[in-house]
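Residues per chain are reported as follows:
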Amino acid sequence: MILRLAIASLFARVLTVGMTVLAIALSVALFLGVEKVRTGAKDSFADTISGTDLIVGARSGSVQLLLYSVFRIGNATNNVTWESYLDIAARPDVDWIVPISLGDSHRQFRVMGTSTAFFEHYKYRRGRSLQMAEGKVMDDLFDTVIGADVAATLGYDLGDPIVVAHGLASFAEHKDQPFQVAGILEKTGTPVDRTVIVSMEAIEAIHVDWQGGGQKPGEPTPVEVIRQMDLTPKAVTAALVGVDSPLKTFRIQRAINQYKEEPLLAILPGVALGELWAIVGIAETALLAVSAMVVVTALIGMMATIFSSLNERRREMAIFRAMGARPRTILGLLVLEAMLTAALGAVLGLGLLYLGLVVGQPLLDAAYGLWIPITAPGMGEIWVIGAVVVAGAIVSLVPALRAYRMSLADGMIVRT
Amino acid sequence: MAEPVLQVAGATFRWPGRAGFSLSVPELAIGAGESLLLLGESGSGKSTLLSLICGTMLPHGGSVRVAGTDLTTLSGAKRDRFRAETIGVIFQQFNLLPFGSVADNILLPLQFAPERRKRAGEVRAVAAQLCDSLGLPEAVFTARANTLSVGQQQRVAVARALIGKPPLIVADEPTSSLDANSQAAFLDLLFAQCAANKAALLMVSHDPRLGERFDRVVRMEEIARFGRDAA
């Protein structure tokens with residue numbers, strides 16, 4: 001009956017209590033939402049590349065190699081010679097190898113030379129393969145496959161011509177060898193969306209008339225002539241490697257890192273992603289801390305509401321006291337009310353979160369390639385709700401103790 | 001005479017924080033089933049005396065015995081329980097928890113008084129019966145307290161004070177918010193029910209016209225010294 005009276009008392013103040021519940025609900029939804037986005041972002045990040053056992057590049061740092069080979073951020077300090085590449089490819093325990101050649105760009109997007117094996121072996125989000133939205137993998141020397149963002153941003157369709165610029169942020173363009181869009185990839189939420197993919201041979205082809213960053217003087221070599229030339233690459237920027245048995249990964253990594261002909265670096269993508277996340281992760285922790293503070297603010301708001309209600313509820317407390325309620329019961333009632341309010345707010349917040357997820361999931365995926373899975377509330381969410389209820393009880397102790405003292409002093413004398 | 005339901009002997013009380021103000025009640029007794037009107041102006045210490053009798057305040061000296069138990073010997077928690085078990089309280093007005101139903105309000109003291117609850121028996125039936133004998137329509141029983149008229153609320157307060165037959169009813173100006181006609185009707189019901197329950201009635205008022213209905217009328221200044229010590 002006391003519980004029922006507490007609930008009835010809350011209902012009697014439905015407007016103020018409702019506002020408090022709403023504030024707590026929004027703060028809890030924000031907190032849980034940030035946590036969801038955080039884990040979602042972390043998973044998405046970790047899922048940028050999967051199925052690749054090693055990434056090989058010129059010796060630099062593991063994070064740097066990961067950044068330029070997978071995220072297309074920054075540049076390689078050096079290339080890997082084609083001979084070294086073939087050497088690695090020839091190792092018996094190497095299952096597959098995909099070359100990557102970077103350095104050119106198209107508008108704001110990077111151009112990546114690779115082999116068709118890239119489409120077979122590049123996996124993301126737990127083993128998903130790249131899918132063609134339209135068209136096909138490049139077939140002709142001057143075919144290109146573009147990522148979903150490239151197509152969407154630049155409004156490209158199949159068959160549209162693309163002129164690749166030499167280098168990054170450069171005005172020198174490979175105008176003489178225009179490419180055409182052969183395929184457009186489905187959205188992946190990975191840097192592939194922002195990449196223009198051409199063949200390794202195409203990278204060689206567009207550099208036939210170039211030397212040391214400048215175009216050779218004179219007439220450009222006609223395209224027909226280029227097509228007849230030997231376009232075997234001289235170097236690659238990096239290579240993705242698949243190993244036939246995971247047990248051998250470390251052995252190959254060590255062998256590549258100790259490769260005598262050329263200083264090379266082989267990294268485990270998962271480990272490097274973890275290192276990179278450790279750098280990025282500080283911001284995410286700060287975000288979580290800020291949203292936790294929002295929850296605390298909402299709870300302090302509730303404390304203020306209880307405080308301001310104490311005076312108008314002195315009569316109610318006097319009635320309880322006259323009927324034989326102990327001051328401790330009055331204290332308990334207020335704490336109980338606060339816990340009910342906090343619990344209601346937290347549960348409503350969870351509801352808001354799921355509502356937000358249902359609405360926001362496709363939007364986030366489309367806009368940022370960030371996939372937030374909608375799963376049943378786990379221990380994490382239950383912990384948060386529990387913590388909010390306990391925190392609500394704790395902050396309510398301050399006004400409740402005041403009520404305790406008031407009811408002890410007032411007794412059953414009704415003050416208005 | 002059987003042991004009085006209420007016996008105050010040499011009780012003194014000093015208000016904390018108001019240096020020098022004190023109240024002393026050398027003697028006040030009410031017999032079982034007796035009705036007593038305590039007359040006093042506002043500020044004469046009536047409320048304080050009621051708090052001492054109900055055990056929400058403790059005298060600094062002397063004793064307050066209710067139904068044979070000296071309240072000064074009980075701990076705070078025991079006094080609260082004792083009050084719930086033995087005393088029915090009626091305030092001037094706004095007696096009820098506005099958000100509770102009439103039934104909730106009537107049964108509220110039983111929450112804190114398991115023995116009184118046992119004494120009451122089938123509590124909802126008893127409460128309904130009390131409402132009926134106090135002239136409250138049946139539909140009122142489940143209604144929210146704040147939907148009732150002031151007169152009805154006061155009658156619900158009487159039902160709440162009487163449920164479980166506590167030996168002492170303490171009423172603090174229960175008629176002050178009622179008009180003359182309602183006052184008379186209310187007092188008729190109150191007296192009839194106290195008699196039916198064999199409960200003693202201690203009513204506090206500033207209105208001497210009520211006196212004729214009571215077994216005894218006592219003025220505050222006759223029983224209490226309300227002073228300002230030099231200390």
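Above this text sits the structure in question.
Note that the coordinates shown come from a computational prediction; the quantities given were computed from them, not determined experimentally.

A. Quick peek at the pairing of strand β1 (residues 6-14) of chain B. All names here are of chain B. When β1 meets strand β2 (residues 21-30), the two strands line up antiparallel, connected through eight bridges. Across the sheet, the residue bridging to Ala9 is Glu27, located in β2. Relative to strand β4 (residues 61-66), β1 runs antiparallel, the two being bridged by five bridges. Counted as the bridge partner of Leu6 is Val66 from β4.

B. Structural detail: the interface of chain B and chain A. Counting from both sides, the interface comprises 26 residues of chain B and, opposite them, 26 residues of chain A. Each partner contributes to the roughly 2,400 Å² buried at the junction of chain B and chain A, and carbon and sulfur atoms together form 71% of this total. On the chain B side of the interface with chain A, the three residues burying the most area are Phe91(B), Phe99(B) and Phe112(B), jointly 27% of the side's total. Note that Arg321(A) and Asp80(B) form a salt bridge whose closest N and O atoms lie 2.9 Å from each other. Inspection of the chain B/chain A interface yields three residue pairs in polar contact (both at pLDDT 80 or more). Sorting the residues of the side of chain B that touches chain A by element identifies α1 (46-54), α2 (76-86) and α3 (102-111) of chain B as the ones contributing at least two each. For the side of chain B that touches chain A, the class distribution of residues is 14 nonpolar, seven polar and five charged.

C. Geometry of the pairing of strand β4 (residues 109-114) of chain A. Residue and element names in this part refer to chain A. Burial analysis of β4 places six of its six residues in the buried class, which makes it a mostly covered element. Bridge analysis of strand β3 (residues 94-106) against β4 gives five bridges, and the strand direction is antiparallel. The residue of β4 that forms the bridge with Ser105 is Arg110. Adjacent in sequence and paired antiparallel, β3 and β4 are bridged by two residues, among which Arg107 carries a positive phi angle near 50°. With five bridges connecting them, β4 and strand β11 (residues 195-199) associate as parallel partners. For Met112, the partnering residue across the bridge sits in β11 and is Ile197.

D. A look at a nonpolar patch on the surface. Residues and elements named next belong to chain A. On the surface, a cluster of nonpolar side chains totalling about 900 Å² of accessible area is made up of Leu3, Ile7, Phe11, Val14, Leu15, Met19, Leu22, Leu26 and Leu348. Contributing elements (two or more residues each) for the nonpolar patch: α1 (2-12) and α2 (14-46). Secondary-structure assignment places Met19 in helix α2.

E. Quick peek at the nonpolar core. One finds Phe320(A), Val388(A), Leu6(B), Leu38(B), Leu168(B) and Leu202(B) to be the most contacted residues of the largest nonpolar core, which totals 87 residues. With twelve residues, helix α12 (residues 327-368) of chain A is the largest single contributor of residues to this core. Leu168(B) has contacts with Val5(B), Leu6(B), Ile53(B), Val66(B), Thr86(B), Ile87(B), Gly88(B), Ala200(B) and Leu202(B), leaving out every residue within four places of it along the chain. Among the nonpolar cores identified, the runner-up in size contains 41 residues, and Leu39(B), Ile90(B), Val156(B) and Ile169(B) belong to it.

F. Structural view of the side chain of Thr20(A). All names here are of chain A. Among the secondary structure elements, Thr20 is positioned in helix α2. Judged by relative accessible area, Thr20 falls into the buried class, the value being 7%. If we ignore the near neighbours within four places in the chain, the residues touching Thr20 are Met302, Thr305 and Thr341.

Definitions and cut-offs
- Residues numbered from 1 in each chain as written.
- Chains lettered and ligands numbered in written order.
- Predicted model: local features only at pLDDT ≥ 70, side-chain atom pairs only at ≥ 80, totals over all residues.
- Heavy atoms only, no water.
- Pairing = 2+ DSSP bridges.
- Helix = DSSP H or I, 4+ residues; strand = E, 2+ residues; numbered from the N terminus.
- Contact = heavy atoms within 4.5 Å.
- Buried area = accessible area lost by both parts, 1.4 Å probe.
- Salt bridge = Lys/Arg side-chain N within 4 Å of Asp/Glu carboxyl O.
- Polar contact = N/O pair within 3.5 Å; in protein donor to acceptor, adjacent residues only side chain to side chain.
- Nonpolar A, V, L, I, M, F, W, Y, C, P; charged D, E, K, R; others polar.
- Buried < 20%, exposed > 50% of the residue type's maximum accessible area, 1.4 Å probe, protein only.
- Patch = residues over 30% accessible without salt bridge, like charges linked within 9 Å, V, L, I, M, F, W, Y side chains within 5 Å.
- Areas by Shrake-Rupley, 256 points an atom, 1.4 Å probe, with all protein chains shown as cover.
- Core = buried A, V, L, I, M, F, W, Y, C linked by side-chain atoms within 4.5 Å.

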